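Architecture at a glance
Take a look at the letters that make up each chain.
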Amino acid sequence: MKRGCALWIFLVLTVSCVLAASLKPLRIYFIDVEGGQSTLLVSPSGQSMLVDTGWPDHNNRDAQRIQAAARDAGIKQIDDLIITHFHEDHVGGAPQLAALIPIRNFVDHGSTVETDPHGEALYNAYLKVRSKGHHILARPGMEIPIAGMKVEILSAAGNVIGQPVLGGGEHNPYCPTESQLRPGVDTSENAQSVGLLITLGKFRMIDLGDLTWRKEYALVCPINRVGRVELYLTTHHGLNISGESYIVDALHPIVAIGNNGANKGGTPEAFTVIHNSPGLEGFWELHDSLAAGKLNAPAAYIANLNTQEDRGHWIKVTAYPNGNFTVTNSRNGKSETYHPRP
Ligand SMILES: [Zn+2]
Ligand SMILES: [Zn+2]
């Protein structure tokens, strides 16, 4: 073969590889852990990140559901495990999961603030697992290094970012005054939640764990430090002390996904906020909520129905850098594609 010809073939192959890589999607599995949280993200680079591990016990139920999603995604290890906070429905499944799949890095907000015997036992069981990997302490403003996508920490250990991220920084017209805020403070682990913004080109997704109302207020009032997102995972499973209208409306999501269980979260208050959110085009749920009644999404958009055997179906999102993303219900194959705003 002539040298010029070989060079051309090399160049064509290189350009093809670069184009193929840029067309690879971010894949997100919203795993049904019965009102807890577990979300698996696989970057276009193939690196994996798991946010929370669901509940302990139940004959390894949640760990096995996560393993099934990992198999579907074709990954053999969790590169980064983010523990949003040390409540049982988020960190409880970590020991069981670690027995099934290797975990490299552990990202969390530090130590539990709940030092009762149950809280201590959960935290200590997690520490045993964490000690076998690399620990990263989450701080607001930090980025988690994952090739192919951007993961920014918005909140951790009761603090929120001091400066807006790229795309944020506008006045938030939906903010109440401080005196109009729901009274009280939240001294529980929820307020310590590690909150994440995940960006792939024009696609942005927010996951704030169980962050509660005062921290939400600090994050988006009076300046919306986050900006708008394409995808909103219900904060705190749609419980009515999170997911206030001043944050959901300001985030302006195209799609919301409810990580409520049948009897956990999915409150009428939080779901009303979602339905009234300006610009919302799609609402999907991991479960129909018994409390929400008619405020639930139509059955086709719910992964696990209370009238059927619960097999732990997931909701999968495939997102591209141009902002297009497809949501699929693994129970029935129902699928919809959404486009970024002009
Ligand atoms: Zn929770
Ligand atoms: Zn919690």
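Our subject is the structure that appears above.
Presented here is a report on the structure given in the accompanying data block. (Residues numbered from 1 in each chain as written. Chains lettered and ligands numbered in written order. Predicted model: local features only at pLDDT ≥ 70, side-chain atom pairs only at ≥ 80, totals over all residues. Heavy atoms only, no water.)

Right, let's talk about the state of the cysteines for a bit. A complete count under the given rule lists 1 disulfide for this structure. Between the sulfur of Cys175 and that of Cys221 lies a disulfide, 2.0 Å long from S to S. Measuring the twist about the S-S bond at about -100°, one finds the Cys175-Cys221 disulfide to be left-handed. Residue Cys175 is found in the loop between β10 (170-171) and β11 (195-200), and its partner Cys221 is found in the loop between α6 (213-220) and β13 (223-224); the two are separated by 46 residues along the sequence. On the basis of relative accessible area, Cys175 is assigned to the partly exposed category, the value being 23%. According to the relative accessible area criterion, Cys221 is buried, its value standing at 6%. (Disulfide = S-S within 2.5 Å. Helix = DSSP H or I, 4+ residues; strand = E, 2+ residues; numbered from the N terminus. Buried < 20%, exposed > 50% of the residue type's maximum accessible area, 1.4 Å probe, protein only.)

Here we come to the coordination of the zinc ion (ligand 1). The protein atoms donating to the zinc ion (ligand 1) are Asp89 (OD), His90 (NE2), Asp210 (OD) and His237 (NE2), with metal-donor distances spanning 2.1 to 2.2 Å. Its 4 donor atoms give the zinc ion (ligand 1) angles of 87 to 155° at the centre, a pattern that matches the irregular case. Written as a sequence motif, the donor arrangement for the zinc ion (ligand 1) is D-H-x119-D-x26-H. Separating the zinc ion (ligand 1) and the zinc ion (ligand 2) is a distance of 3.6 Å, and Asp210 donates to both of them. (Donors = N, O, S within 2.8 Å, 3.2 Å for Na, K, Ca; no water. Tetrahedral: all angles 85-135°; square planar, octahedral: opposite > 155°, others 65-115°.)

Another aspect to go through is the coordination of the zinc ion (ligand 2). Those protein atoms acting as donors to the zinc ion (ligand 2) are His85 (NE2), His87 (ND1), Asn190 (OD1) and Asp210 (OD), and they sit at 2.1 to 2.3 Å. Relative to the metal, the 4 donor atoms surrounding the zinc ion (ligand 2) lie at angles of 86 to 171°, and the coordination shape comes out irregular. Read in sequence order, the donor residues for the zinc ion (ligand 2) give the motif H-x1-H-x102-N-x19-D. Classification of Asn190 as buried rests on a relative accessible area of 8%. Accessibility expressed as a relative area gives 2% for Asp210, which makes it buried.

This part takes up the pairing of β11. With 6 of its 6 residues buried, β11 lies for the most part within the structure. Both faces of β11 are covered, namely the face carrying Gly195, Leu197 and Thr199 and the face carrying Leu196, Ile198 and Leu200. One ladder, built from 5 bridges, connects strand β8 (residues 150-156) with β11; its direction is antiparallel. For Val151, the partnering residue across the bridge sits in β11 and is Ile198. The pairing of β11 with strand β12 (residues 203-207) spans 5 bridges and is classified as antiparallel. (Pairing = 2+ DSSP bridges.)

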